[in-house]
Structure formats: structure tokens, C-alpha cells
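Fold and contact review
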Amino acid sequence: MEAFRLLYLKYYQKVFSTCLLILKNSALAEEATQEAFLKAYTNLHTLREPEKFGAWVAAIGSKQAINMYNRNKKSLTIGEEEKILHIKNIWGEQWDDYEPCQKYLEKETNQEIRRAIYLLDPLLSQMVILKYYWSLTDQEIADYLQVPLGTVKSSLFRARKTLEIELKKIYGDLFSCKEENGDR
Amino acid sequence: MNKFDELMKQNMQAIIDTPTLINPEEKWQDFERRIAEKDAALKKKKRFLQRIKWLAAAAALLVVTTYALLNPQVVIGFKDELYQWVKQTQNNDSIFTERRNPQYQEGQFDDVTLEEAKSMVVFNLVYPEYLPEVLSATPPAISIVSLEYPVSTVTISFQQSEEAFLTITQRNQLIEKNSNTFVPENVPFEELTLQNGLKVILLDRKSILEFRWTEKNISYRVFTANLDYREAIKVIESLKE
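The model shown is predicted, which means the values in this text are computed figures rather than measured ones.

Moving on, we come to the interface of chain B and chain A. Contacts between the two partners involve 29 residues from chain B and, on the opposite side, 40 residues from chain A. Between chain B and chain A lies a buried interface of about 3500 Å² when both sides are counted; carbon and sulfur atoms form 66% of it. Seen at the junction of chain B and chain A, the total is six salt bridges. Close ionic contact of B:E25 with A:R5 constitutes a salt bridge, the shortest N to O distance being 3.1 Å. Between the two partners, chain B and chain A, sit 17 residue pairs in polar contact (both at pLDDT 80 or more).

Residues B:F48, B:L49, B:I52 and B:L55 make up a contiguous nonpolar surface patch of roughly 400 Å² in combined accessible area. Mapped onto the elements, B:I52 comes out in helix α2 (residues 24-70).

Residues and elements named next belong to chain A. Scanning the entire structure with this criterion turns up 16 salt bridges over all chains. Between K131 and D138 there is a salt bridge, and its shortest N-O distance comes to 3.2 Å. Given a relative accessible area of 16%, D138 falls into the buried group. The salt bridge involving R160 is made with E164; its shortest N-O contact spans 3.4 Å. Placement of both R160 and E164 in helix α8 (residues 149-183) is noted, with a separation of four residues, approximately one turn of the helix.

What follows concerns the pairing of strand β5 (residues 141-148) of chain B. In this structure, strand β3 (residues 107-109) of chain B lies alongside β5(B), joined through three bridges in antiparallel fashion. Its bridge partner being in β5(B), B:Q108 is matched across the sheet by B:V145.

Okay, the side chain of B:T155 next. Within the secondary structure, B:T155 is located in strand β6 (residues 151-159). Dropping the residues within four chain positions of it, B:T155 is found in contact with B:A141, B:I142, B:S143, B:T167, B:I168 and B:T169.

Scoring rules and cut-offs
- Residues numbered from 1 in each chain as written.
- Chains lettered and ligands numbered in written order.
- Predicted model: local features only at pLDDT ≥ 70, side-chain atom pairs only at ≥ 80, totals over all residues.
- Heavy atoms only, no water.
- Contact = heavy atoms within 4.5 Å.
- Buried area = accessible area lost by both parts, 1.4 Å probe.
- Salt bridge = Lys/Arg side-chain N within 4 Å of Asp/Glu carboxyl O.
- Polar contact = N/O pair within 3.5 Å; in protein donor to acceptor, adjacent residues only side chain to side chain.
- Patch = residues over 30% accessible without salt bridge, like charges linked within 9 Å, V, L, I, M, F, W, Y side chains within 5 Å.
- Areas by Shrake-Rupley, 256 points an atom, 1.4 Å probe, with all protein chains shown as cover.
- Helix = DSSP H or I, 4+ residues; strand = E, 2+ residues; numbered from the N terminus.
- Buried < 20%, exposed > 50% of the residue type's maximum accessible area, 1.4 Å probe, protein only.
- Pairing = 2+ DSSP bridges.

Right under this line is the structure:
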């Protein structure tokens, strides 16, 4: 139990953040996280690669979060700005200091990317987190979530397309700013 | 790694690794409580499943037992049904009588012969050697009621005219049964000891006399109507197997 406690304390925040990014609701995210650790505790013997404990619990948590989202869809319908505000309230604001233009532009870029990630559909958000944060391969995501590999690939493709559209807009703004810098 | 993947990775790390306002230590206490609740529920479920197992076993046993009880011929294949009686001859010799695996049918059977009646019950029937003239002209009507095998009630009725009749009822008492006979207030009764030593109870219902006694676990009742009291006693004294 003590060994599991250490794992719990190490990964709780990350699993919670994973669930929060999918659900955009801290109370439900907490519930999904606790349920994920409970399932992990019960099924610990089925984990083949112990070094991937964190990713495994996060996958369980994300699945739990998707289920909760589907159950609470109607009550979770909130506006885009409200979602971002809610997320910021939990994670706190960053980059408040004065930065030169390049730094400012990077900050603006990252903020736009995160904004695009926040606003992703929960199912796409789940795939993106497991791939880019938890570094799972498409096959591992399919195995952990017990979904066909094709579903994982198509979801990631759609997520990429959605995010690329947002990034193209940002890169355009970024280049125009760089040209202004060069003129000076 | 292309630019897109690199940007995604960086921003994902920034989002997920940013500390939240939640304290994991506090959450661990809630988690321990949930584990305890789950363990308790699991134990309860195990106990429930164990109980279901026992109930299923008991139900299976009940089904097998019921089937066996409803199909007694299966049991007879393994064990003989044996009925024995001891009776005395006129010379006071003892005779052992046995009846093994009698064929029987449950139900009510009317107008059977004496021989048929003897073969349908598991005890020896008695029949009067003496009958008054008024009743001896026609053969008796014999009926058997056997609703709780092997208990049977045999009724032998002698009736010559509409007025006079004599009925002998014999019933074996192989199963435990308690009964009470209520005697109406205006019906006098007395215990008689006959010449052959048999003790009988007589209920005097004016035109109808009722005699009742029990011998070797067989209960007997004799009803007479418009028949002389002494004639009725003679008939009872002449009953022989």
C-alpha cells in the first residue's frame, strides 16, 4: 500500500490535469482521477510495463473522463471563453512579466496553441494528450483504451487538422511581426 | 520530430505539468477510504455469492428429492415394500402373514369383489362368517378409498331392504394421525366386552347403532340400521380374516 501511495502522490497531479483538459470541470476531473487510481489499484497485476504506470493510469483516467463527459454532456455545455477562464483559474496565469517582442510573440503563439488544445473535442483531446504528453504510440493508445487502431489514427488525424488550421493563422501573424522587427 | 509535433509536445508539457491548486496528500485520504469501501463491498459480494452457491445446491437437492418422491417406483427398484401381520387361528396358533410390493392404485374404487379388495390393500380384511337372514340374500357392495397410500378405507355394505343395513368399515393406521370423535350430548355410548374378548364402543343413535374399535392398528366401525342389537353383536363376533 505504501508503494502505491508513492505512485499516487507522484502521478496524481498529471492524471488530474489530463482529466481536467478533457472534462473542463474540476469536480468531475477529481472524481475521474480517483476512479482511475482505484481501477489501477485493483488491476495492478495486469500492467505489463511498470515503467509506463503513469501513462497507464492516465489512459484509464481519460477513459473515465470521456464516460463522465458523455453522461454529463448537457450540464457541461459552457462557452469557449468560460472554459478557458475556468482552466486558467485552476492552473493559474503565466507569462505575466514584461518580455521583448520575440518572447512576446512566442508567448502569444503558445497561448493560441493552448487555446486551440483547450477547445478540442473531448475525444480528440484525449488522443492528443496520450500521444504528445504521455508519449504513447498509436498502438499503445489503442491497447490501453481498448479501441481499434483505426479509431486512434483517424482521431489523431482530425485533431492535427483542427490544430494545424489554428497554427497557420498564428504563423501568419508571427511572420508579419518578424518583418516589422527587421525594419527596425 | 517536425515543428508541429515539437510545438504540441512543449505546450502539452506546459499545460499538464503546471501545478494545480489540489493537494494530492488530501486526496490520498479520500482514496484510502474508497479502497476500504470497495474491499467491504467485495467481501459482501463474496458472502452473497457463497450463499447463492449453497442455495443453488439446496435447490438442486430439493429437485432431485421431489423427483424421487413423485416417482416412487424408482425407489421400489432398490428396496422391497414389506407388510407383515401376526394373526391367531381358531386353535390359538400364530400365523405370520406377509405382503411384499403390493400393486396399488390411488383413488376411489366401487363395486369391487372381496378378492379384488384384498389384493388392493396392505392389510388383511375381515369378513363376517355370520349374517342375519335379512342381509344375506344378496352379495355385499364393496368400495375402497385409497387417497393416501398405503392408507386405505374399505367399506363392506350389506343391504337387503331400504330399512335394514349393516356396514363394516376397515381402515389401516400406518401413518401417524390424531383424531377426535365428538359424541353428541343426546347420544348414549358404552363400552362393551364381547364374548371373544373384543372391547368395542357402542354409540346408540336410536335407529342406527355404531360400533367402533381398534385392533392391530386397524380401526373398525360397524353401522347398523333397523337391525336387532344382538344380531349386530353376533356379526361383529364372527368377523374373521
